[in-house]
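# Overview (structure and organization)
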Amino acid sequence: RYPWLMINSRPSPLALTVLSLLSAGPLHPYGMQRLIRLWGKDQVVNVGERANLYRTIRRLHSAGLIAVRQTERDQSFPERTVYELTDEGRRTGVLWLADILSVPRNEFPEFPAALSFLMLLGSEGALAVLDSRAAALRENLAALDRTLLSEPASLPRVTMLETEYQRAMAAAELA
């Protein structure tokens, strides 16, 4: 990894997303959340609760990775704080990205943990819940296929890598 790297904030998918969004330019939290959803990143980053985004922003700000650029005031909206990436935030974001992509980690997803206790449901209960999961996976695969087919050909393939990854993982689990 990077033994020389001393970061005063830990990486997370949401923190990496915030730094990545701000690398394109200053944004306020609502704009970040809107872009995350618009670009489909909410399928791979948990932004269901806005409070998580604000906590992450406070953490990145305290670590000196982002800074307040300005506070906007508009009659039809509450006051909005616009954040920008610091030089340290830009360096850290690239380092986090390289580290996350290059080093496989056990991410401790819920499903394998639940599988380890499947016997508690008995054979009929286990079959019922796994049949239900298989049906949900088939629906998910169909939705991912529709997403992949609807992506404009003008966009580079790299914009859909996480969707391709999700599809491969869902297909592998279903198999």
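Before any of the text, the structure's been laid out above.
Let me begin by describing the structure that accompanies this report. Quick caveat, the model's predicted, so the values are computed rather than measured.

## Considering the layout of surface pockets
Remark: the empty space left among the atoms is shown by a probe the size of a water molecule rolled over them. Approximately 170 Å³ is the volume found for the second largest pocket. Around the second largest pocket, the lining residues are His28, Pro29, Tyr30, Arg50, Tyr54, Pro78, Glu79, Arg80, Thr81 and Tyr83. Counting only elements with at least two residues in the lining of the second largest pocket, the list comes to α2 (29-38), α3 (50-62) and β2 (77-85). Counting residues per element, the lining of the second largest pocket draws most heavily on β2, which supplies 5 residues. Residues belonging to the lining of the second largest pocket are distributed by class as follows: 5 nonpolar, 2 polar and 3 charged.

## With respect to the environment of Val47
Mapping Val47 onto the fold places it in the loop between α2 and α3. In the structure, Val47 is positioned 10 residues away from Arg37 in sequence and 8.5 Å away in space, judged by C-alpha atoms. Excluding residues within four positions of it along the chain, Val47 makes contact with Leu14, Gln33, Ile36, Arg37 and Asp42.

## Some remarks on the packing of helix α1 (residues 13-22) against α2
One can describe the packing of α1 onto α2 by two numbers: an axis separation of 11 Å at closest approach and a directional angle of 100°. One way to sum up the angle between α1 and α2 is to call them roughly perpendicular. Contact with α1, carried on its side by Leu14, Thr17, Val18, Leu21 and Leu22, involves Met32, Leu35 and Ile36 of α2 and no other residues of that element. By residue class, the composition of the contact of α1 with α2 is 7 nonpolar, 1 polar and no charged.

## Comments concerning the pattern of salt bridges
Here the structure, examined in full by the defined rule, presents 7 salt bridges. With a closest N to O distance of 2.7 Å, Lys41 and Glu162 form a salt bridge. Residue Lys41 is found in the loop between α2 and α3, and its partner Glu162 is found in helix α7 (residues 161-174); the two are separated by 121 residues along the sequence. According to the relative accessible area criterion, Glu162 is buried, its value standing at 18%. Salt-bridge contacts for Glu84 lead to Arg69; the nearest nitrogen and oxygen are separated by 3.5 Å. Of this pair, Glu84 sits in strand β2 while Arg69 sits in strand β1 (residues 66-74); the two residues are 15 residues apart in sequence, bridging distant segments of the chain.

## Describing the nonpolar core
With 22 residues, the main nonpolar core has Val18, Leu22, Met32, Leu60 and Ile66 as its most contacted residues. Secondary structure elements with two or more residues in this core: α1, α2, α3 and β2. Sorting elements by how many residues they give to this core places α1 first, with 7 residues.

## With respect to α7
In a regular helix each residue adds 1.5 Å, so 14 residues correspond to 20 Å; α7 covers 20 Å between its end C-alpha atoms and thus fits that length. Of all the residues in α7, the buried ones are Glu162, Thr163 and Ala170. All buried residues of α7 fall inside an arc of 100° around its axis, so they share one side. Away from its buried face, by an angle of more than 90 degrees, α7 presents the exposed residues Tyr165 and Ala172.

## What about unusual backbone geometry?
Unlike most non-glycine residues, Phe108 shows phi in positive territory, near 55°. In this fold, Phe108 is placed in the loop between α4 (87-102) and α5 (110-115).

## A look at a nonpolar patch on the surface
Taken together, the side chains of Leu115, Leu121, Val129 and Leu130 define a hydrophobic patch exposed on the protein surface, amounting to about 300 Å² of accessible area. Note that Val129 resides in helix α6 (residues 122-150). According to the relative accessible area criterion, Val129 is partly exposed, its value standing at 40%.

Conventions we followed
Residues numbered from 1 in each chain as written. Predicted model: local features only at pLDDT ≥ 70, side-chain atom pairs only at ≥ 80, totals over all residues. Heavy atoms only, no water. 1 Å grid on protein atoms, 1.4 Å probe; cavity = no way out; pocket = protein on both sides within 12 Å on 5 of 7 lines; lining within 4 Å. Points joined across faces, edges and corners; volume = space filled by probe spheres on them. Helix = DSSP H or I, 4+ residues; strand = E, 2+ residues; numbered from the N terminus. Nonpolar A, V, L, I, M, F, W, Y, C, P; charged D, E, K, R; others polar. Contact = heavy atoms within 4.5 Å. Axes fitted to C-alpha atoms, helices over the stretch in contact; angles between N-to-C directions. Parallel < 35°, antiparallel > 145°, perpendicular 65-115°, else oblique. Salt bridge = Lys/Arg side-chain N within 4 Å of Asp/Glu carboxyl O. Buried < 20%, exposed > 50% of the residue type's maximum accessible area, 1.4 Å probe, protein only. Core = buried A, V, L, I, M, F, W, Y, C linked by side-chain atoms within 4.5 Å. Expected span 1.5 Å × (residues − 1). Arc of directions from axis to C-beta. Patch = residues over 30% accessible without salt bridge, like charges linked within 9 Å, V, L, I, M, F, W, Y side chains within 5 Å. Areas by Shrake-Rupley, 256 points an atom, 1.4 Å probe, with all protein chains shown as cover.

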